[in-house]
There are 2 protein chains.
Amino acid sequence: MKYRRSGRLVDMTQYLLAHPHQLIPLTFFSERYQSAKSSISEDLGIVNEILRSRRLGSVETSAGASGGVTFIPTVDMKAAEHLIDELCDKLEDPDRLLPGGYLYMMDIIGDPALTQELGRIFASYYRRDKVDAVMTMATKGIPLAYSVAAHLHVPVSIVRHEQRITEGSIVSINYVSGSKKTIQTMSLARRSLKPHSNVLIIDDFMKAGGTIRGMKDLVQEFQSTVAGVGVLTEAVHEEEKLVSDYTSLTKLSHVDVKNKKIQVERGNIFQQNT
Amino acid sequence: MKYRRSGRLVDMTQYLLAHPHQLIPLTFFSERYQSAKSSISEDLGIVNEILRSRRLGSVETSAGASGGVTFIPTVDMKAAEHLIDELCDKLEDPDRLLPGGYLYMMDIIGDPALTQELGRIFASYYRRDKVDAVMTMATKGIPLAYSVAAHLHVPVSIVRHEQRITEGSIVSINYVSGSKKTIQTMSLARRSLKPHSNVLIIDDFMKAGGTIRGMKDLVQEFQSTVAGVGVLTEAVHEEEKLVSDYTSLTKLSHVDVKNKKIQVERGNIFQQNT
């Protein structure tokens, strides 16, 4: 099928958006549209210009025999700050307070459009860090982790508290829960993370950082490295956190159970260079 | 910022793809691009033509005061069949066999690009069924459920075996596991599903159908209706299944543990009208 420029632009845009962080040879597009490479290059220039002006990402060109283009998703940090400020307002609703000072957050985590936007912030932040895999803890970290991984085009490894029979050989480690000071176990299927991976750890909540610390140790058990740590919400913890190098989208700075007051602010990712 | 047609087409495409199943007024686009509605309508015609020709979806126009356009994602069924045939081949790898006749599937479930494509098949199939929410069972149903929900633009309710303290009031039901014939409990946070919803149940695996049957009962506890049931893999079960009305992407038709032979074929969704 022969395409005019207008048709090529629509299809190219959808194709690039659906294949982030993947090198696409120019010949792929020139064959798909039966068009000269020079026309394709011009088209890609237009797509790049518009996506960049919207701060949605960039179409990067690599020269040489393996030449082609790669779409790298980013976020408009102003829009992200606005999204996070709205999220902070939502989280401050006193109806969220649960016994024990926990917050009800399943409506946030259960909103796929929102988790996609939130995951995009981490994917943009870690876009130059050669991430090979995303690791998360079941259950509530999974949606955000998948969003980050989809934008980075890497697989997800799901760590669990239980040891499931349906996953074959498993690597388990003990770790100390930072807030409760109890010894717990976490497991990951041997097959679900390739050795020598550079792993981005994503989770929904961090207080003392015991679970994150455990996942960092688990990464080592797979002869792998930690590319970074990102959490949806960090809570203020009286003592020193067990993890120091992490990024957060929101920060639960104060919970007053008695007076039903919750204070949530932007996380530290907005104080760092992106 | 004033846009030329080429720029409008790129931005409109990305915007529509990012907002499936959402009515977008024409005035939104005419203000965004400072262009006349007649130009916007022409642009939308081009986007619609290309997305339809690729069978990626359609841009549907609704007239009247609330007039606008809605992007409805679909799949190219030929491409979907090809994807599923490849998946069946992968699943037939004897190395997947685990003790008890289970199959290792975390690499499939852990691939975000693949789960997005698989979820799109269900989202396309149930696109006219006025789905209000997707329900799934932790842990392995979650990735597929989020993909379906993202394409349909509805929230996800995650049912669990445990009863977690961090979710407030919970609705629990007992159900009989179809294959093991044991009584088990599943729970869903009261707040995580609105009453009178039309719920699409999505899970990774179904054998006798006990878990799905349990989720159907749970939907009733929320005064809600079941829009449909979709599973990634159904296994052949010697006795009658506890659920009859479901769609599957793949069918595990034979497992011979002794000779390490697995047979997987296309699921029943490919035998139905879409």
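None of the values given here were measured: they were computed from a predicted structure.

**Points about the packing of aromatic side chains**
Here comes step 1: Counting across every chain of the model gives 12 aromatic pairs over all chains.
Here comes step 2: Considering the side-chain rings of A:Tyr3 and A:Tyr33, the 5.1 Å spacing of their centres and the 70 degrees angle between planes classify their relative orientation as edge-to-face. One end of the pair, A:Tyr3, is in the segment before α1 (5-18); the other, A:Tyr33, is in helix α2 (residues 26-33), and 30 residues separate them in sequence.
Here comes step 3: Residue classification places A:Tyr33 among the buried positions, given a relative accessible area of 0%.
Here comes step 4: Pairing B:Tyr125 with B:Tyr126 gives two aromatic rings, centres 4.8 Å apart and planes at 80 degrees, and the pair type is edge-to-face. Here B:Tyr125 and B:Tyr126 have matching classes, each one buried.

**Observations regarding the packing of helix α1 (residues 5-18) of chain B against helix α3 (residues 37-53) of chain B**
All names here are of chain B.
Here comes step 1: Contact geometry for α1 and α3: axes closest at 10 Å, N-to-C directions at 60 degrees. Taken together, α1 and α3 sit at an angle that is classed as oblique. α1 and α3 meet at a crossing whose hand is right-handed. Between α1, through Arg5, Arg8, Leu9, Met12, Thr13 and Leu16, and α3, the contact on the second element is made entirely by Ser39, Ile40, Glu42, Asp43, Leu44, Ile46 and Val47.
Here comes step 2: Here the residues of the contact of α1 with α3 are counted per class, giving seven nonpolar, two polar and four charged.

**A word on the sheet that holds strand β11 (residues 225-235) of chain B**
Residue and element names in this part refer to chain B.
Here comes step 1: Ordered in space as β7-β6-β10-β11-β12-β13, the six strands form an open sheet in which the pairing is mixed. One side of each edge strand has no neighbouring strand; the edge strands of this open sheet are β7 (156-159) and β13 (261-266). Strand-to-strand twist across the sheet, computed as the mean angle between neighbouring axes with direction ignored, equals 25 degrees.
Here comes step 2: In this sheet, β13 lies alongside strand β12 (residues 247-256) in antiparallel orientation, the contact comprising six bridges. The residue of β13 that forms the bridge with valine 255 is isoleucine 262.
Here comes step 3: Packing against the sheet, helix α4 (residues 77-91) makes contact with β11, β12 and β13, and its axis sits at approximately 170 degrees to β13.
Here comes step 4: Its contacts with the sheet place helix α8 (residues 210-221) against β6 (133-137), β7, β10 (198-206) and β11, and it is angled at close to 165 degrees to β10.

**Observations regarding the domain arrangement of chain A**
Residue and element names in this part refer to chain A.
Here comes step 1: Examined at the domain level, chain A breaks down into domain 1 (5-73) and domain 2 (77-271).
Here comes step 2: Relative placement of domain 1 and domain 2: their C-alpha centres are 33 Å apart.
Here comes step 3: Each partner contributes residues to the interface: domain 1 has eight residues there, and domain 2 has eight residues.
Here comes step 4: Roughly 710 Å² of surface becomes buried between domain 1 and domain 2 when both sides are summed, with 51% attributable to carbon and sulfur atoms.
Here comes step 5: Here domain 1 and domain 2 share one salt bridge between them.
Here comes step 6: Measuring nitrogen to oxygen at the nearest pair gives 2.8 Å for the salt bridge that ties glutamate 60 to arginine 128.
Here comes step 7: The interface formed by domain 1 and domain 2 includes three residue pairs in polar contact (both at pLDDT 80 or more).
Here comes step 8: Take the side of domain 1 that touches domain 2: its biggest share by element is three residues, from strand β3 (residues 68-73).

**Quick look at the pattern of salt bridges**
Here comes step 1: With the rule as written, the count across this model stands at 24 salt bridges over all chains.
Here comes step 2: A salt bridge links A:Glu81 to A:Lys78, with the nearest nitrogen and oxygen atoms 3.6 Å apart. Of the two residues, A:Glu81 and A:Lys78 both sit in helix α4 (residues 77-91), three residues apart, roughly one turn of that helix.
Here comes step 3: What makes A:Glu81 buried here is its relative accessible area of 16%.
Here comes step 4: Classification of A:Lys78 as exposed rests on a relative accessible area of 61%.
Here comes step 5: One salt bridge in this structure joins B:Asp107 and B:Arg96, with 2.8 Å as the shortest N-O distance. Note that B:Asp107 is positioned in helix α5 (residues 106-109) and B:Arg96 in the loop between α4 and β4 (97-98), a separation of 11 residues in sequence.

Conventions adopted
- Residues numbered from 1 in each chain as written.
- Chains lettered and ligands numbered in written order.
- Predicted model: local features only at pLDDT ≥ 70, side-chain atom pairs only at ≥ 80, totals over all residues.
- Heavy atoms only, no water.
- Phe/Tyr/Trp six-rings, centres within 6.5 Å; stacked < 30°, edge-to-face > 60°.
- Helix = DSSP H or I, 4+ residues; strand = E, 2+ residues; numbered from the N terminus.
- Buried < 20%, exposed > 50% of the residue type's maximum accessible area, 1.4 Å probe, protein only.
- Axes fitted to C-alpha atoms, helices over the stretch in contact; angles between N-to-C directions.
- Parallel < 35°, antiparallel > 145°, perpendicular 65-115°, else oblique.
- Left-handed = near helix turned anticlockwise from the far one by under 90°.
- Contact = heavy atoms within 4.5 Å.
- Nonpolar A, V, L, I, M, F, W, Y, C, P; charged D, E, K, R; others polar.
- Pairing = 2+ DSSP bridges.
- Domains from an automatic or database assignment.
- Buried area = accessible area lost by both parts, 1.4 Å probe.
- Salt bridge = Lys/Arg side-chain N within 4 Å of Asp/Glu carboxyl O.
- Polar contact = N/O pair within 3.5 Å; in protein donor to acceptor, adjacent residues only side chain to side chain.

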